[in-house]
Amino acid sequence: MNARKSVRLTVKRQSAPAAEPYWESFDIPWKPRANIISCLQDIQCRPVTAEGKDVNPIAWDCNCLEEVCGSCTMVINGKVRQACTALIDQLELPIYLEPMTKFPTQRDLQVDRSRIFENLKKVKAWVPIDGSHDQGEGPVISDQTRAQRYVLSECMSCGCCLEACPQFSLDNKFMGAATFSQVRLFNLHPTGAMHTEERLEAVMGEGGITDCGNAQVCVEVCPKNIPLTESIADIGRQTTLQTIKNIFQK
Amino acid sequence: MVQRRKKVIIIGGGLAGLSAAMKLCERNADVVIVSFQNLKRSHSVCAQGGINAAVDAKNEGDTPEKHFYDTIKGGDFLAHQPLVRDMCHQAPAIIHLLDRIGVAFNRNEEGRLAFRRFGGTLYSRTAFAGATTGQQLVYSLDEQVRRYEHDGMVERLEWHEYLSAVIDDQGVCRGAVLQDLRTNKIFTVKGDVVILATGGPGQVYVRSTNSVVNTGAAATTAYLQGAKYGNGEFIQIHPTAIPGQDKLRLMSESARGEGGRVWVPRKAGDTRNPLKIPEAERYYFLEENYPLYGNLVPRDVASREIYEIVYNKSMGVGGEPMVYLDLTHKSEEYLQDRLGGILDIYRKFTGDDPKKIPMRIFPAVHYSMGGLWTDYERDSAGFIDHGSPRNQSTSIPGLYAAGEADYQYHGANRLGANSLLSCIYTGLMMSRAVINFSDNLNKSYEDVPSTVFEQAESQWVSRFKEIKQMDGSENPYQLHKDLGDVMMAGALIVRDNSTLEKTVASVKDIETRFKDVKCVDTNNWANPVPSFINQLHCMIELSKIITKGALLRDEFRGAHYKPEFDLQQPKNFDPYEYIDYLERKKNGEEVSIYPEGHLEYMERFEANNKKWLKSTIAEYKDNEPAISYEDIDTSILTPRPRKYD
């Protein structure tokens, strides 16, 4: 593997949201421990294509570079993932980089993921506290419940599960696995549970849980190994119970 | 007095910014929160090990006063004591708040908070959520802010960059100049107060544990606009990081808090598999040199020891500047539960599983103790007056700073798990200051002539026009890397004046080369390059603050280590002797009663403190940082020599 002298990146580019996409290739000297980010940084330092043409550096999003911020999601060799943990020595050459397709492209590999955050508002993904003044300790929670919540709470809103989901598209309202999993996270908290019904109602309408086609690809691409299909099943059960409850109450 | 709701512009969506936003919404202010990216992406997510609060959950006799003492001592007495004391006393309430908003803190068998050990203390006072505590805290606070956004009190300006404060002719901050990073349009936002919660400047060194956005540009711009910058030369080098091309990823101190041991083979150049090296042939240098604190000495101490081992003794693993951090004696299940997040990071980036084989780690730039000078007010009893508009105010009225962007909580060296605390503490605590400052304004921003805002905007519009026209021969990203190399070579763990003089000159060279930069991106939509060139300019100015401050400070204090000025503490010295010595001196009693060499050492220590126990203040004058020194409030604890063995 280490015999590689250079690495070719072939990148799908786009200068603005409405512009036509096009492809460009770059050859970058091989370096030990290189990842997609360090290669893109090398291109910034020398923005010249494989054909020797001076071009604009590639625009992409990233921040923490250690897979906790969720920023650098892109499609690498056809698979959606974080660019920081995509190590060059583990990838097949040439490497193809594309922006996610389920969110509006802004420029090159940058997309607008606002929809994820709007969905978090719709399902009230928060614990409704009375105020931030000191009211003593929080509710007692078993460490088992904590462990269950922690895994769900590692969701970085990176968008991988939504990109992979056949149901989630640019022009529909499907909320997707990330959102359903957050409903489960907050319903598991003793104070959060006080809004259980509102959260469930929010995922029972258009774009809600019943639109899930059960393709199960979300869980395969999640960089944090969040048990998304379990969340979907659980929220499915919770909404079914809620429906029955609604029949008797309304 | 202003009668409408207050309007506060918060720059930065990390822990300090989110805490301030949440609290200000509770106080009925309208909040605009500005961030480069979506709020969940801020650098605070990188904090791993935990957050300190002395709740004494393990019945070890811990108290907030001990937390205060450890923090002050850890910082080598360079922090303002009343503030640190207030922070440590607020810490338990902060942890309880975080627990109530749903942070998935690890718990004990009764379902209450679990705590673990961390560096620079002998108590278990660190609450944690696996090994991604920062991420979990950011998410929970972000959720609270989202709730207020849902209620219409918060406007998020994501994909926006802060360019500068708008300052009126009375010198008061009246708003901010921002740039939309998608349309690249520059505009102003008016407000009663602007808060800079913009984090640290790790990118000055390029490769550090910091995130890409941590350029320190916002704080530097405030300095260029006249704000004082404090203690710039105090840069924390974290002892344990993972090497990488793009970043030196942090390996949390919690790895040692959970029992991780640092060692090298006793025989330099030993090429055996570490698991095959018997116990007797391993040199656990921290445990041997510091029997009391062992692997949990403060970060400045650990980094210096690793430096000594790998450079002066050439005992680094495989001849490289690396040491082992070993967790293999712990059960895999325990490690996954307590440290899973960081061990996964190590495995993903190196291919080795730290549960099975010792990690190879080395020190990396991590945190800036220094930052924007901020004020505070003590009441007559010596406590912090929480209602004072002076708290967390920079030297520009109406411009406030919080979190890593300020300078006054960690002295010369920060203790692990205190940064999350200081971010949240400052964010929450400053809310009354901000409201009261706004109440006291004799003129509101609505009455400030519109020309003030128009001028600020047009200044930046023309500045960016100039930048876009830069057509020299230097690539700005390459020049940034070169700046990083200069700073790494000259202003790191071990410092000396002749190298620092060269570093100051090299930064000047970079500054000269900067004039020849080419704006390498011609796109007129979402073009990040002009903005990066402006940040690079700020990083060069900040490098000057760091290097000049380091050059001028002729002493060894905390993270600022100049061997030439090491006071050579005698091996058997007890810091209490110094307290005794001061007492005797005050009473006119005999002082020549101490073991040989101790009195001389104490006299050196006293004289050094008299000269150097001061905050470094940098002010921008004639394109240079003008350095002066300010006294520190040491009214509670007598500064004394540090000792951890």
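Residues numbered from 1 in each chain as written. Chains lettered and ligands numbered in written order. Predicted model: local features only at pLDDT ≥ 70, side-chain atom pairs only at ≥ 80, totals over all residues. Heavy atoms only, no water.

**Student:** Help me understand the overall build of chain B in this model?
**Tutor:** A count of helices and strands for chain B gives 16 helices and 21 strands. A compact globule built from 645 residues would reach a C-alpha radius of gyration of about 26 Å, and chain B, at 24 Å, matches this within 12%. Counting only C-alpha atoms and orienting by the principal axes, one finds that chain B spans roughly 70 × 60 × 55 Å. Going through the 645 residues of chain B one by one, you find that 66% of them count as buried. A separation threshold of at least 6 residues defines the contact pool for chain B, and within that pool the share at least 24 residues apart is 73%. Side-chain charges of chain B comprise 78 positive and 87 negative groups, with the mean position of each set lying 3 Å from the other. (Helix = DSSP H or I, 4+ residues; strand = E, 2+ residues; numbered from the N terminus. Rg over C-alpha atoms; globule rule 2.2 N^0.38 Å. Buried < 20%, exposed > 50% of the residue type's maximum accessible area, 1.4 Å probe, protein only. Contact = heavy atoms within 4.5 Å. Lys, Arg positive; Asp, Glu negative; His and termini not counted. Charge placed at Lys NZ, Arg CZ, Asp CG, Glu CD.)

**Student:** Would you take a moment to explain the sheet that holds strand β15 (residues 282-283) of chain B for this structure?
**Tutor:** Backbone hydrogen bonds are what pair the strands of a sheet, in a parallel or an antiparallel way. All names here are of chain B. Pairing is antiparallel in the open sheet, where 6 strands are placed in the order β13-β12-β17-β16-β14-β15. Two strands close off the open sheet at either side, each with one partner strand: β13 (249-250) and β15. As paired strands, strand β14 (residues 261-265) and β15 are joined by 2 bridges and run antiparallel to one another. Paired with V264 across the bridge in β15 is Y283. (Pairing = 2+ DSSP bridges.)

**Student:** Help me understand the sheet that holds strand β7 (residues 160-167) of chain B in this model?
**Tutor:** Residues and elements named next belong to chain B. Here we have 3 strands laid out as an open sheet, ordered β7-β8-β9, and antiparallel in their pairing. In this open sheet, the two strands that pair with only one neighbour each are β7 and β9 (186-190). Going across the sheet, the axis of each strand differs from the next one's by a mean of 30 degrees, ignoring polarity. (Axes fitted to C-alpha atoms, helices over the stretch in contact; angles between N-to-C directions.)

**Student:** Sorry if this is basic, but what is going on with the pairing of strand β8 (residues 173-180) of chain B here?
**Tutor:** Taken residue by residue, a regular strand's side chains alternate between the two faces of the sheet. Residue and element names in this part refer to chain B. Counting buried positions along β8 yields 8 of 8 residues, so the element is predominantly enclosed. Hairpin connection of β7 to β8: 5 residues between the antiparallel strands, including G171 at a positive phi of 80 degrees. Pairing between β8 and β9: 5 bridges, direction antiparallel. Note that in β9 the partner of V177 across the bridge is T188. The turn linking β8 back onto β9 is made up of 5 residues, and N184 within it adopts a positive phi angle of 65 degrees.

**Student:** What exactly am I supposed to notice about the side chain of A:K102 here?
**Tutor:** All names here are of chain A. In this fold, K102 is placed in the loop between β5 (95-98) and β6 (105-107). E163 provides the closest opposite charge to the buried, unpaired K102, separated from it by 5.7 Å. In terms of polar contacts, K102 uses its side chain to reach the backbone carbonyl oxygen of F168, at 2.9 Å. When sequence neighbours within four positions are dropped, the list of residues in contact with K102 reads R115, L162, E163, C165, F168, S169 and L170. (Salt bridge = Lys/Arg side-chain N within 4 Å of Asp/Glu carboxyl O. Polar contact = N/O pair within 3.5 Å; in protein donor to acceptor, adjacent residues only side chain to side chain.)

**Student:** Which parts of the structure should I look at to understand the environment of B:P354?
**Tutor:** All names here are of chain B. Turning to its location among the elements, P354 is positioned in the loop between α9 (332-350) and β17 (359-368). Spatially, the C-alpha atom of P354 lies 6.3 Å from that of L343, the residues being 11 residues apart in sequence. What P354 contacts, discounting residues up to four positions off in sequence, is L327, T328, L343, Y346, R347 and M359.

**Student:** Where do I start with the pattern of salt bridges in this structure?
**Tutor:** Oppositely charged side chains can pair when the atoms bearing their charge come close. Residue and element names in this part refer to chain A. Evaluated as defined, the whole model comprises 73 salt bridges over all chains. The residue D42 makes a salt bridge to K31 at a minimum N-O spacing of 3.2 Å. Linking D42 in helix α1 (residues 36-45) with K31 in the loop between β2 (22-29) and α1, this pair joins segments that are 11 residues apart in sequence. D42 gets classed as buried once you look at its relative accessible area, which sits at 15%. By relative accessible area, K31 is classed as partly exposed at 29%.

**Student:** Is there a simple way to explain unusual backbone geometry in this structure?
**Tutor:** Trans peptide bonds make up most of the peptide bonds, and negative phi angles are found at most residues other than glycine. Between A:L93 and the following residue, A:P94, the backbone shows a cis peptide bond with an omega angle of -10 degrees. For A:P94, the location among the structural elements is in the loop between β4 (79-82) and β5. You will see that A:E67, though not glycine, has its phi angle at about 60 degrees, which is positive. Its location among the elements puts A:E67 in the loop between α1 and β3 (73-76). Here A:E67 falls in the buried class, since its relative accessible area comes to 6%. In this structure, B:Q568 takes a positive phi of about 55 degrees despite not being glycine.

**Student:** Mind showing me how you'd approach the interface of chain A and chain B here?
**Tutor:** Much of the literature gives interface size as the accessible area that the parts lose upon coming together. On the side of chain B, 69 residues touch chain A, which itself brings 75 residues to the contact. In total, about 6300 Å² of surface goes out of reach between chain A and chain B, with carbon and sulfur atoms giving 48% of it. Of all residues in chain A, A:N63, A:E66 and A:S132 bury the most surface against chain B, accounting for 11% of the area lost on that side. At the boundary of chain A and chain B, one finds 8 salt bridges. Two residues, B:K247 and A:E66, come together in a salt bridge whose shortest N-O distance is 2.8 Å. Connecting chain A to chain B are 45 residue pairs in polar contact (both at pLDDT 80 or more). Every element with two or more residues in the side of chain A that touches chain B is listed here: α1, β6, β7 (110-111), α2 (114-122), α3 (143-153) and α5 (177-187) of chain A. (Buried area = accessible area lost by both parts, 1.4 Å probe.)

**Student:** What is the right way to look at the packing of aromatic side chains in this model?
**Tutor:** Aromatic rings considered in pairs are described by the distance between their centres and by the relative angle of their planes. All names here are of chain B. Considering all chains together, one arrives at 19 aromatic pairs over all chains under this definition. Pairing Y223 with Y620 gives two aromatic rings, centres 5.5 Å apart and planes at 65 degrees, and the pair type is edge-to-face. Taken as a pair, Y223 in helix α5 (residues 217-224) and Y620 in strand β20 (residues 614-621) lie far apart in primary sequence, 397 residues in all. Owing to a relative accessible area of 0%, Y223 belongs among the buried residues under this scheme. Y620 gets classed as partly exposed once you look at its relative accessible area, which sits at 32%. Ring centres 4.8 Å apart and planes at 85 degrees place the aromatic pair Y293 and Y644 in the edge-to-face group. Remark: Y644 occurs in the segment after β21 (624-631) and Y293 occurs in the loop between α7 (285-289) and α8 (299-312); sequence separation between them is 351 residues. For Y644, a relative accessible area of 3% gives the class buried. (Phe/Tyr/Trp six-rings, centres within 6.5 Å; stacked < 30°, edge-to-face > 60°.)

**Student:** What is the right way to read the nonpolar core from this model?
**Tutor:** Across soluble globular proteins, you tend to see nonpolar side chains buried next to one another. Membership of the largest hydrophobic core comes to 122 residues, with the highest contact counts inside it found for B:I10, B:L24, B:I51, B:L98, B:L137, B:I195 and B:I424. Considering each element in turn, this core owes the most residues, 12 residues, to helix α10 (residues 419-440) of chain B. Sequence-distant contacts of B:I424, defined by excluding residues within four places in its chain, comprise B:L15, B:S19, B:I51, B:I94, B:L98, B:L137 and B:L141. Among the nonpolar cores identified, the runner-up in size contains 65 residues, and A:I28, A:V55, A:L87 and B:Y283 belong to it. (Core = buried A, V, L, I, M, F, W, Y, C linked by side-chain atoms within 4.5 Å.)

**Student:** So what exactly am I meant to see when it comes to the packing of helix α3 (residues 81-100) of chain B against α10(B) here?
**Tutor:** Axes are the key here: two packed helices are described by the angle between their axes and the distance separating the axes. All names here are of chain B. Following both chains from N to C, one finds α3 and α10 inclined at 90 degrees, their axes separated by 9 Å at the closest point. Between α3 and α10, the angle falls in the class roughly perpendicular. Facing α3, whose interface residues are L83, D86, M87, Q90, A91, I94, L97 and L98, α10 presents L421, S422, I424, Y425, L428 and M429. (Parallel < 35°, antiparallel > 145°, perpendicular 65-115°, else oblique.)

**Student:** Looking at this structure, how should I read helix α12 (residues 476-490) of chain B?
**Tutor:** An ideal rise of 1.5 Å per residue puts 21 Å on 15 residues; α12(B) measures up with 21 Å between its terminal C-alpha atoms. Among all positions of α12(B), only B:P476, B:Y477, B:L479, B:H480, B:D482, B:L483, B:G484, B:V486, B:M487 and B:G490 are buried. The inward-facing, buried residues of α12(B) abut α1 of chain A together with α13 (497-514) and α14 (529-552) of chain B. Sitting at the head of α12(B), B:N475 places a side-chain oxygen 2.7 Å from the backbone nitrogen of B:Y477. (Expected span 1.5 Å × (residues − 1).)

**Student:** It is not clear to me how the domain arrangement of chain A should be interpreted in this structure. Could you clarify?
**Tutor:** Residues and elements named next belong to chain A. If you check the domain split of chain A, you get domain 1 (6-111) and domain 2 (114-130 + 138-249). Computed from C-alpha coordinates alone, the two centres of domain 1 and domain 2 are separated by 31 Å. Listed per partner, the contact involves 14 residues of domain 1 and 16 residues of domain 2. Here domain 1 meets domain 2 over a buried area of about 1200 Å², counting both sides, of which 61% is carbon and sulfur. A per-residue breakdown of the area domain 1 buries against domain 2 is headed by V80, K102 and F103, which together make up 50% of the total. Where domain 1 touches domain 2, the interface holds 0 salt bridges. At the junction of domain 1 and domain 2, the tally comes to 6 residue pairs in polar contact (both at pLDDT 80 or more). Contributions of two or more residues to the side of domain 1 that touches domain 2 are made by β3 and β4. (Domains from an automatic or database assignment.)

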